[in-house]
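Residue strings, one per chain:
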Amino acid sequence: MRRELSGKVALVTGAGRGIGKAIALKLAEQGATVLVNYNGSRERALEVVAKIEEAGGSAEAFGCNVADFEACGKMVEEIIGKYSRVDILVNNAGITRDNLLMRMSEEEFDTVIDTNLKGAFNTIRYLSRYFLKQRSGKIINISSVSGVLGNAGQANYSASKAGLIGLTKSVARELASRGICVNAVAPGFVDTEMTKSMPEKTKEAAVGTIPMGRMGSPEEIAETVAFLAGSGSDYITGQVICVDGGMAI
Ligand code: NAP
């Protein structure tokens, strides 16, 4: 059976768990061969690969710290050597190091920017040459409502996610004439390990700011990513789609 993403190769960063895992499973369900990037979670990335293969799909895990420019170059080289192409790039890898500005260390600021923003630059920088040659491609950057609205205690994270929006719009303008679409998805408050560690009171307060009155699921984010990865979004570029239960209205 031919599916929307049959024959496509998708690289999803940070796909061993959380939103990245849901995206990897969704793209595989749509027929894509999924390259599951991980940094610390090797076992979990292998489990995602196994799950995709058990369902009849095709996947492979690639370890790489996306914040490392040279390591990203090596990962892309290995991927192109094996698969010859990448059609879909999802920059999902992300971290938080929350703190109030007056207490935030330089290290807390730098590591978040390096992973969340520079990490996306790194993969786009290496893969865009192949997208340009193919004259097609879908780049989807996972931003956040924190990057759209700002968030107290997240100056580093919000700056990285707002930066991702600027990166998305600039690269979208640069690559549009070659049939390459670059968009961002800005999730709201999603139930993953990133939010599980929050104190219960903070969580309740956050849910209180969501017009729909509940957290989102990783699968709900994956649905939008799958739409942006497919042909139904071929005339959409440079956009930020908030998937947030109305948080950013
Ligand atoms: P999570 O459960 O904490 O997962 C984070 C993922 O990022 C993991 O797969 C992790 O891989 C990967 N990662 C972190 N640093 C990496 C690095 N240097 N190189 C490669 N991969 C790295 O978080 P999540 O909630 O699924 O978040 C996924 C994305 O959605 C992030 O960009 C996050 O900012 C964004 N987001 C989340 C929410 C939310 O409410 N959860 C809201 C808005 C936006 P390893 O485990 O292999 O290290």
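Quick note: structure is the one above.
So, a few notes on the structure that sits alongside this text. The shown structure was predicted, so the numbers you read here are calculated from the model rather than taken from an experiment. (Residues numbered from 1 in each chain as written. Predicted model: local features only at pLDDT ≥ 70, side-chain atom pairs only at ≥ 80, totals over all residues. Heavy atoms only, no water.)

Glancing now at the pairing of strand 5 (residues 137-142). With 6 of 6 residues buried, strand 5 lies mostly within the body of the structure. Burial along strand 5 is two-sided: the face carrying G137, I139 and N141 and the face carrying K138, I140 and I142 are both buried. Between the parallel elements strand 4 (residues 88-91) and strand 5, the chain passes through helix 4 (residues 106-134) in a crossover that is right-handed. In this sheet, strand 6 (residues 180-187) lies alongside strand 5 in parallel orientation, the contact comprising 6 bridges. Bridging across to strand 6, K138 finds its partner in C181. (Buried < 20%, exposed > 50% of the residue type's maximum accessible area, 1.4 Å probe, protein only. Helix = DSSP H or I, 4+ residues; strand = E, 2+ residues; numbered from the N terminus. Right-handed = clockwise from strand over helix to strand, strands pointing away. Pairing = 2+ DSSP bridges.)

We now examine the site of the ligand. The environment of the ligand is formed by 30 residues, the closest being R17, S41, N92, Y157 and T192. N39 has a polar backbone atom sitting 2.8 Å from an oxygen atom of the ligand. In the environment of the ligand, a nitrogen atom lies 2.7 Å from a nitrogen or oxygen atom belonging to the side chain of N65. In isolation the ligand has 890 Å² of accessible area, and contact with the protein removes 94% of it. Elements with a minimum of two residues in the shell around the ligand: helix 1 (18-29), strand 2 (33-38), helix 6 (155-175) and helix 7 (193-196). It is helix 7 that provides the largest number of residues to the shell around the ligand, a total of 3 residues. Grouping the constituent residues of the shell around the ligand by class yields 12 nonpolar, 15 polar and 3 charged. (Near = heavy atom within 4 Å. Polar contact = N/O pair within 3.5 Å; in protein donor to acceptor, adjacent residues only side chain to side chain. Areas by Shrake-Rupley, 256 points an atom, 1.4 Å probe, with all protein chains shown as cover. Nonpolar A, V, L, I, M, F, W, Y, C, P; charged D, E, K, R; others polar.)

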